[in-house]
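# Coordinate inspection notes
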Amino acid sequence: MTTRISPATHADPYGWLLTIAAVVVGVLLMPWTSASLNIGVACAVVGIGSWFAARAGAFKNDATISGVVCVVSLLLLVFVAYPIGRMLLAAFIDQNGAWGLGNAADRFFNADVWGTGCITGNVRCGVAINSMTLAVLAGGLSTLFGFALALLAERGARRNKVWLRILSILPVVTPPFVIGLAIVILFGRTGIATQLASEWFGIPRSRWIYGLPGVLLAQTISFTPLAFLLIGGALRLVSPTLEEAGQVLRGTPWHVFRTVTWPLVRPAIANAFLLGFVESLADFANPLVLSGNFEVLSTKIFFAIAGAQQDASRAAILALTLLLLTVGVFALQQKWLGNASYTSVGGKGDNGVPAPLPQGVKWGAIALVTPWVLLTVIAYGVILVGGFVKDIGRFDLTPTLAHFGTGFGFNFDGGLHLTGSAWDSLFTTLGVAAVAAPLTTAFGVLAGYVVSRHVFVGRRSFEFLTMVNFAVPGTVLGVAYIVAFNVPPLEFTGSFAIIVLCLTFRNMPVGVRSTIASLSQLDKSLDEASATLRASTSRTFIKVVLPLLRPAIIASTVFGFTHAITAVSAVIFLATARHNLATVYIAGRVDAGEYALAIAYSSVLIVIMLFCVLMIQRLVGTADLGRRAAVGT
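Residues numbered from 1 in each chain as written. Predicted model: local features only at pLDDT ≥ 70, side-chain atom pairs only at ≥ 80, totals over all residues. Heavy atoms only, no water.

### Focus on the overall build of the chain
Each helix and strand counted, the chain has 27 helices and 4 strands in total. Sequence-distant contacts in the chain: of pairs separated by 6 or more residues, those separated by 24 or more amount to 74%. Counting every atom, the chain has about 30300 Å² of accessible surface; 66% of that belongs to carbon and sulfur. (Helix = DSSP H or I, 4+ residues; strand = E, 2+ residues; numbered from the N terminus. Contact = heavy atoms within 4.5 Å. Areas by Shrake-Rupley, 256 points an atom, 1.4 Å probe, with all protein chains shown as cover.)

### A closer look at empty space enclosed by the protein
Summed over the entire model, instances satisfying the criterion amount to 3 cavities of 30 Å³ or more. One number sums up the size of the largest cavity: a volume of about 50 Å³. L151, R155, E243, P253, V256, F257, T261, A355, P356 and L357 are the residues that line the largest cavity. For the lining of the largest cavity, the secondary-structure elements that each account for two or more residues are α7 (127–155) and α13 (253–282). Residue contributions to the lining of the largest cavity peak at 4 residues, all from α13. Within the lining of the largest cavity, the residues separate by chemical class into 7 nonpolar, 1 polar and 2 charged. (1 Å grid on protein atoms, 1.4 Å probe; cavity = no way out; pocket = protein on both sides within 12 Å on 5 of 7 lines; lining within 4 Å. Points joined across faces, edges and corners; volume = space filled by probe spheres on them. Nonpolar A, V, L, I, M, F, W, Y, C, P; charged D, E, K, R; others polar.)

### Observations concerning the packing of aromatic side chains
All chains considered together, the criterion is met by 19 aromatic pairs. Between Y585 and Y601, the aromatic rings sit 5.3 Å apart at their centres with planes inclined by 65 degrees, giving edge-to-face as the arrangement. Here the residue Y585 occupies a position in helix α26 (residues 582–591), and Y601 occupies one in helix α27 (residues 595–632), the gap between them amounting to 16 residues. Ring pairs connect the aromatic residues F79, Y82, F443, Y481, F485 and F505, which therefore count as one cluster. Across the ring face of W363, the terminal group of K362 is positioned such that the distance to the ring centre comes to 6.0 Å. Here R589 stacks its cationic end above the ring of Y585, 4.9 Å away from the centre of that ring. (Phe/Tyr/Trp six-rings, centres within 6.5 Å; stacked < 30°, edge-to-face > 60°. Lys NZ or Arg CZ within 6 Å of the ring centre and 35° of its normal.)

### Concerning the environment of D311
As for its placement among the helices and strands, D311 is situated in the loop between α15 (297–306) and α16 (312–337). We classify D311 as buried; its relative accessible area is 11%. C-alpha of D311 to C-alpha of I301: the two residues are 10 residues apart in sequence and 9.5 Å apart in space. (Buried < 20%, exposed > 50% of the residue type's maximum accessible area, 1.4 Å probe, protein only.)

### Remarks on the packing of helix α9 (residues 178–187) against helix α17 (residues 359–386)
As a packed pair, α9 and α17 sit with axes 9 Å apart at the nearest point and diverge in direction by 95 degrees. What the angle tells us is that α9 and α17 run roughly perpendicular. Each of V178, I179, L181, A182, I185, L186 and F187 in α9 lies in contact with α17, whose residues at this interface are L375, I378, A379, Y380, V382 and I383. Residue classes in the contact of α9 with α17 are distributed as 13 nonpolar, no polar and no charged. (Axes fitted to C-alpha atoms, helices over the stretch in contact; angles between N-to-C directions. Parallel < 35°, antiparallel > 145°, perpendicular 65-115°, else oblique.)

### Brief notes about the pattern of salt bridges
What the rule picks out here adds up to 3 salt bridges. Linking E295 and K300 is a salt bridge whose minimum nitrogen-to-oxygen distance equals 3.0 Å. The buried category is assigned to K300, whose relative accessible area is 16%. A salt bridge links E463 to R460, with the shortest nitrogen-to-oxygen separation between them at 3.3 Å. Of this pair, E463 and R460 both sit in helix α20 (residues 459–467), 3 residues apart, which is roughly one turn of the helix. Under the relative-accessibility criterion, R460 is labelled exposed at 60%. (Salt bridge = Lys/Arg side-chain N within 4 Å of Asp/Glu carboxyl O.)

### Topic: the environment of I599
Mapped onto the elements of the fold, I599 is located in helix α27. C-alpha separation for the pair I599 and A182, spaced 417 residues apart in sequence, amounts to 8.7 Å. Residues contacting I599, with those up to four places away along its chain left out, are L181, I185, V382, I383, G386, G387 and I392.

### With respect to the pairing of strand β2 (residues 396–399)
As paired strands, strand β1 (residues 389–391) and β2 are joined by 2 bridges and run antiparallel to one another. Across the sheet, V389 pairs through a bridge with P399, a residue of β2. (Pairing = 2+ DSSP bridges.)

### Observations regarding α26
Summarising burial for α26: 8 of the 10 residues are buried, a large majority. For α26, the set of buried residues is A582, T583, V584, Y585, I586, A587, R589 and V590. G593 sits one or two positions beyond α26 and adopts a positive phi of about 80 degrees.

### Details of a nonpolar patch on the surface
On the surface, a cluster of nonpolar side chains totalling about 550 Å² of accessible area is made up of F410, F412, L416, L418 and F427. Structurally, the position occupied by F410 is in strand β3 (residues 410–411). In this structure F410 comes out as partly exposed when scored by relative accessible area, which is 48%. (Patch = residues over 30% accessible without salt bridge, like charges linked within 9 Å, V, L, I, M, F, W, Y side chains within 5 Å.)

### What to know about helix α21 (residues 474–484)
By the criterion of burial, α21 is predominantly enclosed, with 11 of the 11 residues buried. Along α21, the positions that sit buried rather than exposed are G474, T475, V476, L477, G478, V479, A480, Y481, I482, V483 and A484.

### Here's the deal with the environment of T376
Among the secondary structure elements, T376 is positioned in helix α17. For the pair formed by T376 and A218, sequence separation is 158 residues and the distance between their alpha carbons is 9.9 Å. In contact with T376, other than residues within four places in its own chain, are L167 and I221. A distance of 2.7 Å separates the side chain of T376 from the backbone oxygen of W372, its partner in a polar contact. (Polar contact = N/O pair within 3.5 Å; in protein donor to acceptor, adjacent residues only side chain to side chain.)

### Things to note about the confidence of the model for the chain
Looking at the chain, the pLDDT average stands at 78 and 84% of residues meet or exceed 70. Mean pLDDT per element in the chain: helix α1 (residues 13–29) is the minimum at 53, and α7 is the maximum at 89. Throughout residues 1–11 the model reports pLDDT below 50, and contacts reaching past four residues in sequence, or to other chains, amount to 8 contacts. Contacts of residues 622–633 to residues separated by more than four positions or lying in other chains number 4 contacts, the stretch itself having pLDDT below 50. (pLDDT = per-residue confidence, 0-100.)

### Considerations on the packing of α7 against α17
Direction vectors running N to C along α7 and α17 enclose 115 degrees, while the axes themselves pass 9 Å from each other. Once α7 is placed against α17, the crossing between them reads as left-handed. Together, L144, F145, A148, L149, L151 and L152 of α7 and V361, K362, A365, I366, L368, V369, W372 and V373 of α17 make up the contact between the two elements. A class-by-class count of the residues in the contact of α7 with α17 yields 13 nonpolar, no polar and 1 charged. (Left-handed = near helix turned anticlockwise from the far one by under 90°.)

### A closer look at the nonpolar core
Ranked by size, the top nonpolar core spans 186 residues in total, and within it F79, V450, F462, Y481, F492, F505 and Y601 carry the most contacts. Here F79 is in contact with I39, Y481, F485, F492, L501 and F505, once residues within four sequence places are set aside. (Core = buried A, V, L, I, M, F, W, Y, C linked by side-chain atoms within 4.5 Å.)

### A look at the side chain of T220
Take T220: it is sitting in helix α11 (residues 212–237). Of the residues examined, T220 reaches a relative accessible area of 6% and is grouped as buried. Within the local environment of T220, its side chain forms a polar contact with the backbone oxygen of L216, the two atoms lying 2.7 Å apart. With residues near it in sequence (within four places) discarded, T220 still touches L141, S142, F145 and W372.

### A few points about the side chain of D283
Summarising the element assignment, D283 is placed in the loop between α13 and α14 (285–290). The buried charged residue D283 lacks any salt bridge, with R506 as its nearest oppositely charged partner at 10 Å. A distance of 3.0 Å separates polar atoms of two side chains, one belonging to D283 and the other to Q219. Setting aside residues up to four positions removed in sequence, D283 forms contacts with Q219, F223 and S298. (Lys, Arg positive; Asp, Glu negative; His and termini not counted.)

Written out as structure tokens, the structure is:
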């Protein structure tokens, strides 16, 4: 008589390998703060409980899936649901510590938040109205310019693609203050363009750039490449066969464009607008540099915490307002696009040639794109040159390395000594990114795998929990972490761990979605064949699934690494003098008027991140070729 060994009781070396890896990560976490011990004990208890649950029949007797779901759920509850919940509760507590729904409602509907005085009278509007106005304009303009760029890149001359691709990756490797700084240097009261306009045309100098025009200009330059990437991808998926059918029926280029191409890219245009809208609401760096008296929610929240007010309750009210606006926009997106189908790619071959652009559309796109390209090139040129000259703001182009020496100086008096003021923040930032990026990828891949490949009770809730941070602005998350982790037993405030944890769970949704997208292209029969050969779930995951997820893993790691370096809105509340970060250091230099040093530091970060992105892109290309070669053989 033989007894079938269930997956839960099978002697699984890969399961033990995963467990040992988790213990190693836990041990590494322990020295950071005493609160890590509480988290480690809780994970151990939940892990043991999940094993007994699998033995009792839960999760189809699969101890691996049970452990992953239970432990990741615990971490999501602690580091996502708990801080956001505490932040929401803080909105109902006044400065004296008393609970009051009426007081919270008064502050939420205050004229400082929702006032429309700028429309009906000669007073300022509330910060929510200002933020929504800016977001609508920034989303609309970035979508318009992104659409024009995509048309020229995908339907214009092939040579356009190369330099447009280069422009498209710039936002990925650009620190958040760079564009704002460049605009100040160009169009500030003593800026280069302002001086030239005054000397050549007699235009009086002014501070018009500080306020809505300046922030809108900076955000349009920053977000247009994101819209270009979205719309360009949709244009590539439009089947040329459909456009050829329109031409065969004697449709003019304009008629084909209006009735075939345009309807098929409308979802991408809607997504680009909504992405620009949400990014504008969450943007912290550009308003901090350029907003002047034009107040927006993201900076208002910061000054409620870090300014003279020291009012956590008001910050929570403003953060709740920002969160409601963001979630509302996502809900509108889901409602509008959720039930529509815009499929244009089927199983048949598509060897046609995309229809040429109508002449009017082509020249209109060129007219739109030209000023954006010129301004973008000039802005990045100012940043790249500004670190190597004495004072780019006053057009003093005397070559110098003094700014780099101030930030990254060193000498060899009796050994290597790092004398620059920026070294500590650079090492801390790289350390945070090096720790947070693998954790982001690990949690994202594990969560995406169990959501995509396994059915269990509460799967929808688990998936929703993994995606909550995708709709939460960084400023809101930073306030939530300050409110939640400031007292025992989970006191992380001021530690290295809280920065890593914030960035890990902030970027985790990208890892989850990229894993789910990759797994949707892999046939489940691969998993089933492994299971038929009596391989455990963990062995199937490591030996079969994980190698095929290499592009998604690399992409998630790149995103986690670059965003850990460029993040500012979430971590500006969490950084301390001991654990300072590059973006926070740059913000301090901007606030002190040391633009040249801020520009030099930004140039260093751009070079570091560009090197990392190019290396990762090379690895991704190698992975694709390797897999195709394997299939081909």
